[in-house]
Amino acid sequence: MTPRRTLALGATVALVLLLWWASGLDRSSAPADRFFSQPEIARASEYRTPLYAAAALRLSLDLGLLAALAFTGAGAWLGRLRGSRWIRGAALAIVAIVLLRFVVRLPISFWAGYVHEHSWGFSTQTVWGWLGDAGRSVGLALAVSIPVYVAALILLGSFVWPVVVEPLFNRFEPLRGRAADRFEDLADRAGVPVDAVLVADASRRTRKENAYVSGFGGTKRLVLYDTLLRSASQEEAEVVVAHELGHRRGGHVLRGTLVAALAGAGAILLIALAARTRWLRRISGETGPDDPRMLPALLLGISLLSLAALPPSNLLSRSFEEEADRAALALTGDRRAYEAAHRGLALRNLSDLDPGPVVYRFLATHPTAPERIAYALEP
C-alpha cells in the first residue's frame, strides 16, 4: 500500500472511531418532552436537521479540498509561489487557500445562511446584504490567517473587536430610559459594571434573539439584540443579560482562552513535528517546511485536530453555560421569568430540543433548553 493510501485509510479509520466514540455517549440529561410538546420538538428538529447535514457536507468539502491540495497534483501550483522570499510565498499561499475554501463552501453556506433561513422566516437580509457579510468575513479570515498578525490580534482582539470589528456588521444605538437603568443596576449587582448599554440592529439580518457582553476596560459594553427587546418581557430580557454577566463574573472568557491557547500550543507542536518528518514530505511532495505546498497538509492536520477537540471543548462550554445559568437564577431570583425566557428563546429561535448524541457532543456548545429549564426546578 502506498503512503498516500495508508494516510487516507488511517484518517478514515480515525474519523469513524471518533464518531463511534461520540455516538456512545449520553445525550441531553433532561428529556425534551418534559417541558415541550411533541409538535414543538418536531418543528425544531425539522429546522435544525438540514443545517446539520449542510455543516457535515461543508466540513467534508473543506477537508477534501485540503487533502487534494496536500497529497495530489492539484496543489503543485503552490510550490511556484515560493520565489526568493519564502515569507511572501507563504502569505500568498495562505490567501489563495483561504479564498479557495471560501469558494468551495460558498454554495452550501449560501443555502444554509440565506435560503434556509428565509424559508423559515428568520433571515431579513437581501442577497447583497448576505454576500456583503460573507465578503467581510473572508476579509477578516485573511487578516487573521497571515501569521505575522496572529499574535497581535490575539492580544488586542478583546479591546479592538467591540470598536472596530463589531461595527462592520451591525449598527449600535445607546439604550436609554428605565430599561437601561435596570440593566446597568443588574450589571453593578453582578459585579460586572459596563460602560454602555447598546442595542444592535440585529433585525437587519435575522429575527433570532441574543445579548452579549464584549470588550474589556474602556470598551466593555452590554449589547442587546433589538429582536430580544421586541419579543421578550423586561424580566425575561434581564434573565438573558444576567446569564451573560454570569459569564463575565465567572471569568469564562479568560478561562476558555487559556484552555484554547494551551490546546493550540499542543496542536502547533504536533503539526510542527509532523512537518519535519520525511514521510509527510514524501507523500505530499514538499521539499521542506518553507515550501508553500506544506500549508494544505498543515491546515488539514489542524482541521482534523480541531474536529477531534470538539467533544471536550463543547463539554467545557456547556459547563460554563450551566454556571452562567445558575448565576442568572441567583442574581435575578425570578425562576418564573427564567423558565419563560429559556422556553421563549428556544421556541422562537427553533433551538434543537432533543439532539442526538453525535450532534450533542460535536455541535452543542450550550445545554438544551430542557436541561436549562430543569435547573430552575431544582431545590
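Now for a look at the structure at hand. A quick note: this is a predicted structure, and the numbers were derived from the prediction, not measured.

### Thoughts on the overall build of the protein
Per the secondary structure count, the protein includes 14 helices and four strands. Across the 379 residues in the protein, those meeting the buried criterion constitute 41%. For the protein, the proportion of contacts with a sequence separation of at least 24, taken over those separated by at least 6, is 78%. Put simply, the protein shows about 19700 Å² of open surface, and 64% of that area lies on carbon and sulfur atoms.

### Digging into unusual backbone geometry
With a phi angle near 55 degrees, Leu350 is a residue other than glycine that sits in the positive phi range. Relative to the helices and strands, Leu350 resides in the loop between helix H12 (335–349) and helix H13 (357–363).

### Quick notes on the pattern of salt bridges
Two side chains with opposite charge may pair up if their charged atoms get near one another. Under the criterion given, the structure shown has 16 salt bridges. Close ionic contact of Asp201 with Arg171 constitutes a salt bridge, the shortest N to O distance being 3.8 Å. Of the two residues, Asp201 is situated in the loop between strand E2 (197–200) and strand E3 (211–214) and Arg171 in the loop between helix H5 (147–169) and strand E1 (172–174); the sequence distance between them amounts to 30 residues. In this structure, a network of salt bridges that share partners links the residues Asp62, Arg101 and Arg105.

### Side note on the side chain of Glu236
Among the structural elements, Glu236 can be located in helix H8 (residues 234–249). The buried charged residue Glu236 lacks any salt bridge, with Arg348 as its nearest oppositely charged partner at 4.4 Å. When near neighbours in sequence (up to four residues on either side) are disregarded, Glu236 contacts Ala337, Ala340, Ala341 and Arg348.

### What about the side chain of Glu321?
The topology assignment puts Glu321 in helix H11 (residues 294–332). A distance of 2.7 Å separates the side chain of Glu321 from the side chain of His243, its partner in a polar contact. Ignoring sequence-local partners within four residues, the contact set of Glu321 consists of His243, His247, Thr365, His366, Pro367 and Arg372.

### Overview of helix H6 (residues 178–190)
A rise of 1.5 Å per residue sets the reference length of H6, with its 13 residues, at 18 Å; its end C-alpha atoms lie 18 Å apart and thus fit the reference within 8%. All buried positions along H6 are accounted for by Ala180, Phe183, Leu186, Ala187 and Ala190. Down the axis of H6, the smallest arc covering the buried residues is 120 degrees, so these residues share one side. The first or second residue beyond H6 is Gly191, which carries a positive phi of 75 degrees.

Cut-offs and rules
Residues numbered from 1 in each chain as written. Predicted model: local features only at pLDDT ≥ 70, side-chain atom pairs only at ≥ 80, totals over all residues. Heavy atoms only, no water. Helix = DSSP H or I, 4+ residues; strand = E, 2+ residues; numbered from the N terminus. Buried < 20%, exposed > 50% of the residue type's maximum accessible area, 1.4 Å probe, protein only. Contact = heavy atoms within 4.5 Å. Areas by Shrake-Rupley, 256 points an atom, 1.4 Å probe, with all protein chains shown as cover. Salt bridge = Lys/Arg side-chain N within 4 Å of Asp/Glu carboxyl O. Lys, Arg positive; Asp, Glu negative; His and termini not counted. Polar contact = N/O pair within 3.5 Å; in protein donor to acceptor, adjacent residues only side chain to side chain. Expected span 1.5 Å × (residues − 1). Arc of directions from axis to C-beta.

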